[in-house]
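# Coordinate inspection notes
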Amino acid sequence: MSHTAVAVAKISSTTPITVSSYVLCEAHPDKNVEFYCSKHSLLCCRTCIQTVHRTCDIVSIEDVSKKAKQSALFEKLCIDVKELFHDTGHLKARHNKNLDEINQQELVITSKIAELKVVFDKHFEKLKSKFENKMKEVKQKAVSNVKRNEATVDKLLFSLQTHSDNLQFVSAHGSNKHAFILANILKPEVEKKETELNELIALEQQIDIEFTTKVDALYLKNAIKILGTIEMLETAVELKNIRPSIAQSSKSKEEK
C-alpha cells in the first residue's frame, strides 16, 4: 500500500529505475531505511536507532517526508545537479575545442613549413623531416595534456547524468518518501562532485602548439640551418567557478 505504482507502458526501456537502491540502509544493507536522525542528518533503519542513534532525535520518514518533493533541499539538488552537469559539459566542450585548435594550429605550422621549403628547398627536406617529427612529438604531448583529465571529466559527467536521471525519475514517478531519501543520499554526493569540478576548473589550462622562427628569405639564402622551433604552450585559463558548495550554503543557512 505504501508503494507507488507506475504503468509499465509509461516507463521507457532506458529509464533508470534505481529508486529501490536508495531505501536500503548503508550501515545495514539488509534493512530498509525508515527513520531520519535530525541530530546527524542521516537516514536510519530500525537497527540504527537501537544502536548508534539510540539517544538521538528520531522521526519517521513517513512523517518528515510528506512534502519532500516540494522541499528546498530537493529543488536545490535538482538545480545543482543540472548546473553541475552543464558546467562539466562546458569543460568537456572546451577540451574538444582546444583539440580542434591544436589540429588547426598543426595545419598552420605545416603551411609555414611549406612556405619556407620554397625559399630554401635545397636544404629543406632534411630539416622538414626534423620539424615534422618534432611537431608530432609536441602535438602528442599537447593532446596528451588536454586528455589527461578527460577520463575524470567523463566519469564526473556520467555520475551527474545518473543523478539527474534519478532525480527526474523520482520527481515524475516516485513518492515523497523516495524524494526525501534520494535527496539526503545525493546531498553529500553532489557536494563531492561540486568539489571535483572546481578542482578541475582550477587546474584547467589552454594548450597550444606554436611554430616560431627568426628566419626570413635572406636568412635562408645565407644557408642558416636552424629554421625555428615548435613548442607546446601552456596558458592558464580563467574559468568562472560555480557558486559556493552545497555544504557551505547549508551551513550558512543554519548559522542564520
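Computed from a predicted model, the values in this text were never measured in an experiment. (Residues numbered from 1 in each chain as written. Predicted model: local features only at pLDDT ≥ 70, side-chain atom pairs only at ≥ 80, totals over all residues. Heavy atoms only, no water.)

### A short note on the overall build of the protein
What the protein contains, in helices and strands, is 8 helices and 5 strands. In sequence order, the protein lays out its α and β elements as β-β-α-β-α-α-α-α-α-β-α-β-α. Here the protein, with 256 residues, has 35% of them falling under the buried criterion. Within the protein, contacts between residues at least 6 apart in sequence are counted, and of these 71% link residues at least 24 apart. Summed over all atoms, the accessible surface of the protein reaches about 16,100 Å², with 54% contributed by carbon and sulfur. (Helix = DSSP H or I, 4+ residues; strand = E, 2+ residues; numbered from the N terminus. Buried < 20%, exposed > 50% of the residue type's maximum accessible area, 1.4 Å probe, protein only. Contact = heavy atoms within 4.5 Å. Areas by Shrake-Rupley, 256 points an atom, 1.4 Å probe, with all protein chains shown as cover.)

### Some words on the sheet that holds strand β3 (residues 58-60)
Across a sheet, paired strands are connected by hydrogen bonds in the backbone, their directions being either parallel or antiparallel. If you walk across this open sheet you meet the 3 strands as β2-β1-β3, and the pairing is antiparallel. For this open sheet the edge positions go to β2 (42-44) and β3, each flanked by a neighbour on one side alone. Going from strand to strand, the sheet's axes swing by 35 degrees on average, the running direction of each strand aside. Note that strand β1 (residues 35-37) and β3 share 3 bridges and pair antiparallel. Bridged to Tyr36 within β3 is Val59. Relative to the sheet, helix α6 (residues 176-203) contacts β1 and β2, its axis offset from that of β2 by approximately 130 degrees. (Pairing = 2+ DSSP bridges. Axes fitted to C-alpha atoms, helices over the stretch in contact; angles between N-to-C directions.)

### Some remarks on the nonpolar core
Counting residues in each nonpolar core, the largest one holds 34 residues, and the members touching the most others are Leu43 and Ile61. Contributing elements (two or more residues each) for this core: β1, β2, α3 (72-119), α5 (150-173) and α6. Beyond its immediate chain neighbours, meaning those up to four positions away, Ile61 contacts Val33, Glu34, Phe35, Tyr36, Leu43, Lys177, Phe180 and Ile181. Membership of the second largest hydrophobic core comes to 16 residues, among which are Val138, Val146, Ile207 and Ile230. (Core = buried A, V, L, I, M, F, W, Y, C linked by side-chain atoms within 4.5 Å.)

### Describing the pattern of salt bridges
Taken as a whole and judged by the stated rule, the model has 10 salt bridges. Among the ionic pairs, Lys92 bridges to Asp154, the shortest N-O distance being 3.0 Å. Highlighted residues: Lys92 in helix α3 and Asp154 in helix α5, separated in sequence by 62 residues. Residue classification places Lys92 among the partly exposed residues on the basis of a relative accessible area of 24%. Salt-bridge contacts for Lys134 lead to Glu137; the nearest nitrogen and oxygen are separated by 3.9 Å. (Salt bridge = Lys/Arg side-chain N within 4 Å of Asp/Glu carboxyl O.)

### Remarks on the packing of α5 against α6
For the pair α5 and α6, interaxial distance at closest approach is 11 Å and the crossing angle is 155 degrees. By the criterion of interaxial angle, the relationship of α5 to α6 is roughly antiparallel. The element α5 and its partner α6 pack so that their crossing is left-handed. Between α5 and α6, the contacting residues are Thr152, Val153, Leu156, Ser159, Leu160, His163, Asn166, Leu167 and Val170 on the first element and His178, Ala179, Leu182, Leu186, Glu189, Lys193, Glu196, Leu197 and Leu200 on the second. (Parallel < 35°, antiparallel > 145°, perpendicular 65-115°, else oblique. Left-handed = near helix turned anticlockwise from the far one by under 90°.)

### Observations concerning the confidence of the model for the protein
Averaged over all residues, the pLDDT of the protein equals 81, while 79% of them reach at least 70. Across the protein, element-level confidence peaks in α5 with a mean pLDDT of 91 and bottoms out in helix α8 (residues 246-255) with 51. (pLDDT = per-residue confidence, 0-100.)

### Thoughts on the side chain of Asn184
Following the sequence through the fold, Asn184 ends up in helix α6. Given a relative accessible area of 15%, Asn184 falls into the buried group. A polar contact of 2.8 Å, which involves the side chain of Asn184, links it to the backbone oxygen of Phe180. Once residues lying within four places of it in the same chain are set aside, the contact partners of Asn184 are Tyr36, Leu43 and Leu73. (Polar contact = N/O pair within 3.5 Å; in protein donor to acceptor, adjacent residues only side chain to side chain.)

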